Every structure is written in C-alpha cells, then in structure tokens.
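Spelled out, the chains give:
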Amino acid sequence: MSLPRVTELAHLLVERCLKPGGRAIDATVGNGHDTLFLARLVGPGGRVDGFDLQAAAIERTRMKTSELPQVHLHTLGHERIGELVAGPVDAVMFNLGYLPSGDKSVITLPSSTLPALETAANLLGGGGILTTVVYPGHEGGAEEAAAVVRWFQNLARDCYRVVHFGPLRASPAEHDSPFLLAAWREG
Ligand SMILES: C[S@@+](CC[C@H](N)C(=O)[O-])C[C@H]1O[C@@H](n2cnc3c(N)ncnc32)[C@H](O)[C@@H]1O
C-alpha cells in the first residue's frame, strides 16, 4: 500500500463537494491536471475558470481541454480572480510553487497568494471547499508555506472548518515535503 500524494488527497476532498453543473476555480492551472479533473466533475453544464500567469501553462492546458466548453482559461494572476468570477463557487484549488517542466523561476508568492486565498474563501458558497497544496522545499517555499499556514489558521472558525494533511515534520526531509490545507465553508 502506498500513501496517496497530497494532490490526490485534494482531489478526494473536492470530489465530495463538486457535482455535475457545479462551479469551480483552478487558481494555478500549470499543466492542467487539476483543471481537467474539475472539468470532468462539473461536466458540460458546469463551469471551471482557470488562472495562470504563464502563457505556456495556459497553452498546455488549452490543448488538454479544447473539447470541454465548461473550461474558461485566463492568462492572469490569481490575485485578480475577483475581477472575473462572481460567487458562489463550489470548489477552488491552489497548487503552489513552480510549473513542472517549465520556468522554475516563476513561483507563487505570498504577496499574491494571500489576497487570492482571501478572494477565494469569500467566493465559496455554503458547503464549498478551498484546497491548497503547499511546497516548502524550493527557494522561497518555506516562507510562503509559513504565511499560508498562518492564513488558514486565521480563517474564522464559525464560517470555515480547516484541516491540514502532511507528514509529521519530525525530520528535516519532512520539513520540505508538500502538504495540503483545506477549508470548508459551513452550509
Ligand atoms: C505547481 S504549478 C500548478 C500545477 C497544476 N495545478 C497542475 O495540475 O498541473 C504552479 C503554477 O502556478 C502558477 N503561478 C505562479 N504565480 C501565479 C499567480 N500569481 N497567479 C496564477 N498562477 C500563478 C505558475 O505559473 C505555475 O504554473
């Protein structure tokens, strides 16, 4: 038996909240795995808005989703989600860090990640979920991870339930391992 990766865990959690006809946001489109996953869940009657700063990421994802009319891709930072999407939405996924097989110098940064998380949390409808996969292991990753953990810790507990999945962080290697934070908005 192998443990599920945190990206798989994020999918398991989102699956419980997102149904055909639902609305979702992929805040970090990257190679499009999460966008495609969300698009399959909502089906042609739903809608997925995907955001990424990098044209290369949007282009790769467009190739994967070109036959899915429910997918709307934006070459735009997630800090601007609120300009294009009105709530309520059922699920928002963040997968931080850099684009795998892409430009590793373009990373998510707390200065834009935190405002984007704030907007995302406010867009969630009752029963909706916000997931964030965090990578502390690359340069700048530990600082972003600490800021994101603090942000989730400060979410109002009368409105959101918050969970943290990851290794126990008992060894140096575990400090670098990715982890998942998720928040449900109370119905
Ligand atoms: C780890 S990758 C995402 C992987 C993706 N979810 C997938 O399924 O393949 C992180 C992505 O965040 C993007 N990114 C960095 N800063 C961003 C920002 N301010 N707004 C939106 N995307 C950003 C990067 O360009 C990169 O493609």
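Whatever comes next refers back to the structure up there.
Predicted model only: the values in this text are computed from it and were never measured.

Asks: Summarise the site of the ligand; cite the residues concerned and give the values.
Replies: The immediate surroundings of the ligand are formed by 23 residues, with Thr28, Asp34, Asp52, Gln54 and His78 found nearest. Here Thr28 contributes a backbone N or O atom positioned 2.9 Å from a nitrogen atom of the ligand. One of the side-chain nitrogen or oxygen atoms of Glu79 is found 3.1 Å away from a nitrogen atom of the ligand. With the chains in place, 96% of the 610 Å² that the ligand exposes on its own is no longer accessible. For the shell around the ligand, the secondary-structure elements that each account for two or more residues are α2 (33-42) and β2 (47-52).

Asks: Describe in detail helix α3 (residues 55-65), supporting the description with residues and values.
Replies: Three or more residues of α3 are buried, namely Ala57, Ile58, Thr61 and Thr65. End-on, the buried residues of α3 take up no more than an arc of 95 degrees, which puts them together on one face. Residues of α3 that are exposed and point more than 90 degrees away from the buried face comprise Ala55 and Met63. Check the buried side of α3 and you find it contacts α2, β2 and β3 (71-75).

Asks: Kindly report on the pairing of β2, identifying the contributing residues and their values.
Replies: Judged by how many residues are buried, β2 sits mostly within the fold: five of six residues are covered. A crossover connection joins strand β1 (residues 23-26) to the parallel β2 through α2; in handedness this β-α-β unit is right-handed. In the sheet, β2 pairs with β3 via five bridges, with the strands oriented parallel. Residue pairing across strands places Val48 opposite Val71, the latter belonging to β3.

Asks: Explain the sheet that holds strand β7 (residues 179-185) to me, and be specific about the residues and the numbers.
Replies: Across the sheet, seven strands lie side by side as β3-β2-β1-β4-β5-β7-β6; this open sheet has mixed pairing. Whereas interior strands pair on both sides, the edge strands pair on one side only; in this sheet they are β3 and β6 (160-165). Between one strand axis and the next, the sheet turns through 15 degrees on average, direction left out of account.

Asks: Mind laying out the pattern of salt bridges, listing which residues take part and the relevant values?
Replies: Per the counting criterion, the structure on display carries four salt bridges. Here Arg62 ties to Glu59 by a salt bridge, and the two come within 3.8 Å at their closest N and O atoms. Taken as a pair, Arg62 and Glu59 lie in helix α3 at a separation of three residues, close to a single helical turn. Of the residues examined, Glu59 reaches a relative accessible area of 42% and is grouped as partly exposed. Residue Arg80 is joined to Glu83 by a salt bridge in which the shortest nitrogen-to-oxygen separation is 3.0 Å. According to the relative accessible area criterion, Arg80 is partly exposed, its value standing at 37%. Among the residues examined, Glu83 registers a relative accessible area of 54% and is labelled exposed.

Basis of the calculations
- Residues numbered from 1 in each chain as written.
- Predicted model: local features only at pLDDT ≥ 70, side-chain atom pairs only at ≥ 80, totals over all residues.
- Heavy atoms only, no water.
- Near = heavy atom within 4 Å.
- Polar contact = N/O pair within 3.5 Å; in protein donor to acceptor, adjacent residues only side chain to side chain.
- Areas by Shrake-Rupley, 256 points an atom, 1.4 Å probe, with all protein chains shown as cover.
- Helix = DSSP H or I, 4+ residues; strand = E, 2+ residues; numbered from the N terminus.
- Buried < 20%, exposed > 50% of the residue type's maximum accessible area, 1.4 Å probe, protein only.
- Arc of directions from axis to C-beta.
- Contact = heavy atoms within 4.5 Å.
- Right-handed = clockwise from strand over helix to strand, strands pointing away.
- Pairing = 2+ DSSP bridges.
- Axes fitted to C-alpha atoms, helices over the stretch in contact; angles between N-to-C directions.
- Salt bridge = Lys/Arg side-chain N within 4 Å of Asp/Glu carboxyl O.

Read these as layout, nothing more, since geometry by itself doesn't imply function.
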